[in-house]
Amino acid sequence: MGSVIVAKDLVKKFDEFVAVDRIAFAIEEGECFGFLGPNGAGKSTTMKMIHCASPITSGQLSVLGMDVKERPRDIKNLIGVAPQDNNLDPDFTVHKNLTVYARYFNIDAKVAKKRADDLLEFMQLTEKRDVNVENISGGMKRRLIIARALMNEPKVLILDEPTTGLDPQARHLIWERIRELRRKGVTVLLTTHYMDEAEKLCERLVIMDKGKIVIEGRPADLIRDVIGSEVVEMDEPTDEMEAFVRSKGWDHERTIDRLLIYAACCDDIVLIMKERFGLVTTTIRKATLEDVFLKLTGRKLIE
Ligand SMILES: Nc1ncnc2c1ncn2[C@@H]1O[C@H](COP(=O)(O)OP(=O)(O)O)[C@@H](O)[C@H]1O
Ligand SMILES: [Mg+2]
């Protein structure tokens, strides 16, 4: 096992604007690696540099042992890309979208036809095989884009926001397929602004914000190290409550409508707060990556 994608000091500028700001990461073979962050963090820009759709401004980036500046064609042949934006061909059927795409990779027509059928089966789209893509649902389009990304049997699969805007059922189906691909040994790069998606699917991830990597690690480790295990959420906090929490030395964060207190065991905290402030509405829940992001940046992932 070695690193399949390595970035060092990676920068992308659009004129003077720095969209990706000296980031570094190493993605291991066979893992699902996440890029979690709010809109505009630089996730898609990073993906585009990896699949050689956008040149790097400076730094180093190698994919499957090849430098993106030297061997973009070879890299493109070996990776699969499901871009954030739907770029299916509206004039074609579901099946034809796959076979036409196969031509870019010089895949034999007969092989492509069979592979397209297998992938439609895998993504549960067989019923829609001969339907025009205009007439399938948003969730099906996302699945078709993933099927298309698999046409060249890639070693590395890039999924840029695979479930954004989908309902829970459609998201679960995609999550299940991603896990199946992982079991088959495909290295998966996933971008998302859904912390639950990152937490469920990724072995390791980076949290990005404003072009920078804020932190890197395994989801459970990040939550434990940055937050602890539990969070008390209090509705409609007052300045007095916040001052009290501060005076106790409890780790906390205040958002517009909530006071969050982080601790290993929250029962005692709730008791003390109720004793001091009477009937306050509190909820105890497990800490999440959303808490990690809030703690590190002072903002929410989805505004
Ligand atoms: N082609 C471009 N020209 C100018 N600015 C761009 C371009 N592509 C992306 N950006 C800017 O770079 C930043 C990062 O964008 P992007 O990588 O798409 O973020 P994310 O995928 O995390 O939402 C944003 O501020 C975006 O407006
Ligand atoms: Mg994006």
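Details of the structure are given in the entry above.
Overview of the structure. (Residues numbered from 1 in each chain as written. Chains lettered and ligands numbered in written order. Predicted model: local features only at pLDDT ≥ 70, side-chain atom pairs only at ≥ 80, totals over all residues. Heavy atoms only, no water.)

At 2.1 Å from the magnesium ion (ligand 2) lie its protein donor atoms, namely Ser-44 (OG) and Gln-84 (OE1). In this pair, Ser-44 sits in helix α1 (residues 43-50) while Gln-84 sits in the loop between β6 (79-82) and α3 (94-102), placing the two residues 40 residues apart along the sequence. A relative accessible area of 16% places Ser-44 in the buried class. For Gln-84, a relative accessible area of 34% corresponds to the partly exposed category. (Donors = N, O, S within 2.8 Å, 3.2 Å for Na, K, Ca; no water. Helix = DSSP H or I, 4+ residues; strand = E, 2+ residues; numbered from the N terminus. Buried < 20%, exposed > 50% of the residue type's maximum accessible area, 1.4 Å probe, protein only.)

Looking now at the sheet that holds strand β12 (residues 251-254). A sheet is described by the order of its strands in space; here 4 strands give the open sequence β12-β13-β11-β14, paired in antiparallel fashion. A strand with exactly one partner marks an edge of an open sheet, and here the two such strands are β12 and β14 (282-286). Across the sheet, the axes of successive neighbouring strands diverge by a mean angle of 20°, strand direction being ignored. For β12 and strand β13 (residues 258-263), the ladder comprises 4 bridges, and the chain directions are antiparallel. Bridge pairing links His-252 to Ile-261 in β13. Lying on the sheet, helix α9 (residues 239-247) is in contact with β11 (230-235), β12 and β13; it crosses β12 at an angle near 160°. Across the sheet, helix α11 (residues 289-297) lies against β11, β12, β13 and β14, angled at about 105° from β13, the strand it touches most. (Pairing = 2+ DSSP bridges. Axes fitted to C-alpha atoms, helices over the stretch in contact; angles between N-to-C directions. Contact = heavy atoms within 4.5 Å.)

Our next topic: helix α5 (residues 138-149). What sets the pattern is the α-helix's 3.6 residues per turn: residues three or four places apart point alike. In a regular helix each residue adds 1.5 Å, so 12 residues correspond to 16 Å; α5 covers 17 Å between its end C-alpha atoms and thus fits that length. Where burial is concerned, most of α5 is hidden: 10 out of the 12 residues are buried. Along α5, the residues classified as buried are Gly-139, Met-140, Arg-142, Arg-143, Leu-144, Ile-145, Ile-146, Ala-147, Arg-148 and Ala-149. (Expected span 1.5 Å × (residues − 1).)

This brings us to the site of ligand 1. Ligand 1 sits among Phe-14, Phe-17, Ala-19, Pro-38, Asn-39, Gly-40, Ala-41, Gly-42, Lys-43, Ser-44 and Thr-45. Between Gly-40 and ligand 1, the recorded distance is 2.7 Å, taken from a backbone N or O atom to an oxygen atom. Gly-42 is positioned with one of its backbone polar atoms (N or O) 2.9 Å from an oxygen atom of ligand 1. Contact with the protein chains covers 60% of the free accessible surface of ligand 1, which is 560 Å². If you list the elements that add at least two residues to the shell around ligand 1, you get β2 (17-28) and α1. (Near = heavy atom within 4 Å. Polar contact = N/O pair within 3.5 Å; in protein donor to acceptor, adjacent residues only side chain to side chain. Areas by Shrake-Rupley, 256 points an atom, 1.4 Å probe, with all protein chains shown as cover.)

Quick look at the packing of aromatic side chains now. The tally for this structure, following the rule as stated, stands at 7 aromatic pairs. A ring pair is formed by Phe-244 and Trp-250, whose centres lie 6.3 Å apart and whose planes are at 85°; its orientation type is edge-to-face. Trp-250 shares its class with Phe-244; the two are buried. Here a set of aromatic residues connected by ring pairs shows up, and it is made of Phe-25, Phe-33 and Phe-35. In this structure, Arg-148 is placed above the aromatic ring of Tyr-101, and the distance from its NZ or CZ to the ring centre is 4.9 Å. Just above the ring of Phe-122 sits the side chain of Arg-177; from NZ or CZ to the centre is 4.7 Å. (Phe/Tyr/Trp six-rings, centres within 6.5 Å; stacked < 30°, edge-to-face > 60°. Lys NZ or Arg CZ within 6 Å of the ring centre and 35° of its normal.)

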